[in-house]
Amino acid sequence: MISFPTNFKFGWSQSGFQFEMGSSSSKDPNSDWYVWVHDKENIVSGLVSGDFPEDGPNYWENYRIFHDNAERMHLKIVRLGIEWSRIFPKPLPKPVTENQKDITEVEINENILREMDHYASNDAINHYREIFKDIKDRGIFFILNIYVWPLPLWLHDPIRIRNGDLTGPTGWLSPRLAYEFARFSAYIAWKFDDLVDLYVTINEPNVIWRNSFIPSVKQSLELREKAYYNLVQAHARAYDAIKTISRKPIGIVYANTSFQPESENDIEAVEIAEYENRWRFFDAIIRGEINKQQGKEITIIIRDDLKNKVDWIGVNYYTRAVVKKTEKGYTRVSGYGHGCERNSISAAGFPCSDNGWEMAPEGLYDVLVKYWNRYHIPLYVTENGIADDADYLRPYSLVSHIYQTHRAISEGADVRGYLHWSLTDNYEWGVGFSMKFGLLKVDYNTKKLYWRPSAFVYREIAKNGGITDEIEHLNRMPPIQLCRCKKLEK
């Protein structure tokens, strides 16, 4: 038996946009992502799948069924996202700070919150309270994630930006978002703090600024840098705003890749990749170090108003990247990590999932230990999973990643929970319903949930507080000779 500490919690993560919709009454058409995935030009060009979120699993109405299944699985922790566009479908008054680049403070008081109340949807607030209360009534530890990607249309018009019009509303390209997000975060804490155990401000800010679904942002370093800067400020100001309401710990959830060298000569490539993709952001919100890049010029400035703005770190991890040194820094080597064919074998001989991501569980250990050694801040594994409709790889992936979490704890890392992505299949952004990450399979016509074999494996782990002897044999790579896949040439 590989036992975890008695206070360690096993659970799941899910977002609003990806799970809530599934009927006409659960539809939320007021977000940028809703507009983006319905746009005919995007569908024809292949930017999005043509699947629609309103055909999803319908958590909005069927949340009790989700929670029933989680309870049967003995899960004790959940991270849920809340939809900004449901709470504020119509615009709030514009701030006077709209044109300021540096947002060093945002005033929050009772009068401001009561004024915001006039613009909020009471139906959405009351329904979210029902959902959250049902979670707490079942004794499940509740992490509220305030922002998981979609923005209200009054803050972001994605089609307008796609067509080259940057006159607004421009979303994370505008410093206004730092101000608006602080107000929104304070309002959410004001409404729900009695039901919340931990807060998350932003889910995967690095994905937002590096891999935005808006092509113009992806192709422009200048625009990406603006988004990065505004996301750093938004988190810091939201942290301050929530602290005016609540004493609950506040974290941020980050998308992580384990960077590994192609050879002994590529150690420096790993260090560069880790800094650019991970430490740069956390050094900003912990040490106050802002890394500004204009062309080839990089300068670091210190802002005291950004220091020590995180109480815990949420680690999302799915796979690794193999990197090698180049004159410009580093490059990723194809055939590993995200750079594999679907249902193939990686260049290292490891199996790859339905979306072509290499199964690399030791990378989770690498990421957790490096976070702990650099910052000594409590950690949660807030996302880990695999796209695997047949559920062949998932039982092995589940046990082996949980084992690597235990390994990190054994070496001193303060990891307090493991949250699987996810309890059920869901709407996977631009690829729609094609990728299945659920422990439970969803029949999208009937909304019925079916337990995959991995769900029973996870129940065994959660019920017993660790990896029991009966399932320890899954802590390995699955027998790849049974996969219908081909090995990629190195």
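One can find the structure itself at the top, above this paragraph.
Residues numbered from 1 in each chain as written. Predicted model: local features only at pLDDT ≥ 70, side-chain atom pairs only at ≥ 80, totals over all residues. Heavy atoms only, no water.

## Digging into the overall build of the chain
Counting its secondary structure elements, the chain contains 15 helices and 15 strands. Expected size for 490 residues packed as a compact globule is a radius of gyration near 23 Å; at 22 Å, the chain falls within 12% of this value. Based on the C-alpha atoms only, the size of the chain along its principal axes is roughly 60 × 55 × 50 Å. The proportion of buried residues among the 490 residues of the chain is 62%. Nonlocal contacts in the chain, meaning residues at least 24 apart in sequence, comprise 77% of its contacts between residues at least 6 apart. (Helix = DSSP H or I, 4+ residues; strand = E, 2+ residues; numbered from the N terminus. Rg over C-alpha atoms; globule rule 2.2 N^0.38 Å. Buried < 20%, exposed > 50% of the residue type's maximum accessible area, 1.4 Å probe, protein only. Contact = heavy atoms within 4.5 Å.)

## Notes on the packing of helix α8 (residues 176-192) against helix α11 (residues 221-243)
Relative orientation of the contacting elements α8 and α11 amounts to 30 degrees, with a least axis distance of 8 Å. By the angle between their directions, the pair α8 and α11 is classed as roughly parallel. Relative to α11, α8 is oriented so that their crossing is right-handed. Mapping the contact onto sequence places L177, A178, F181, A182, S185, A186 and A189 in α8 and N230, Q233, A234, R237, A238, A241 and I242 in α11. Each residue belonging to the contact of α8 with α11 can be placed in one class, and the counts come to ten nonpolar, three polar and one charged. (Axes fitted to C-alpha atoms, helices over the stretch in contact; angles between N-to-C directions. Parallel < 35°, antiparallel > 145°, perpendicular 65-115°, else oblique. Left-handed = near helix turned anticlockwise from the far one by under 90°. Nonpolar A, V, L, I, M, F, W, Y, C, P; charged D, E, K, R; others polar.)

## Re the pairing of strand β11 (residues 379-383)
Within β11, five of the five residues are buried, leaving the element largely enclosed by the surrounding structure. Two elements, β11 and strand β12 (residues 415-420), share two bridges in a ladder whose sense is parallel. Opposite L379, over in β12, you have V415 as the bridge partner. (Pairing = 2+ DSSP bridges.)

## Notes on helix α13 (residues 362-375)
Helix length check: α13 (14 residues) gives 21 Å between terminal C-alpha atoms against 20 Å at 1.5 Å per residue, within 8%. Within α13, ten of the 14 residues are buried, leaving the element largely enclosed by the surrounding structure. Inspection of α13 places G363, L364, Y365, D366, V367, L368, V369, Y371, W372 and Y375 among the buried residues, and these make up the whole buried set. Where the residues of α13 are buried, they touch β6 (250-261), α12 (267-287), β9 (312-326), β11, α14 (394-410) and β12. (Expected span 1.5 Å × (residues − 1).)

## Topic: the pattern of salt bridges
According to the stated counting rule, one finds 34 salt bridges in the structure shown. Where D165 meets R160, a salt bridge forms, and the shortest distance between an N and an O atom there is 2.9 Å. Across the pair R452 and D389 runs a salt bridge, and its minimum N-O distance is 2.9 Å. With R452 in the loop between β14 (449-451) and α15 (453-464) and D389 in the loop between β11 and α14, the pair connects residues that are 63 residues apart, well separated along the chain. Each of D102, R237, D240, R303, D305 and K309 takes part in a single network of salt bridges with overlapping partners. (Salt bridge = Lys/Arg side-chain N within 4 Å of Asp/Glu carboxyl O.)

## Thoughts on the environment of G314
With respect to the element layout, G314 can be found in strand β9. On the basis of relative accessible area, G314 is assigned to the buried category, the value being 0%. Beyond its immediate sequence surroundings of up to four residues, G314 is in contact with I252, V253, Y254, Y380 and T382.

## With respect to the side chain of D354
Within the secondary structure, D354 sits in the loop between β10 (329-332) and α13. Despite its burial, D354 pairs with no opposite charge; the closest candidate is R394, at 6.6 Å N-O. The contact partners of D354, leaving out residues within four places of it in the chain, are R342, N343, A387, D388, D389 and M435. (Lys, Arg positive; Asp, Glu negative; His and termini not counted.)

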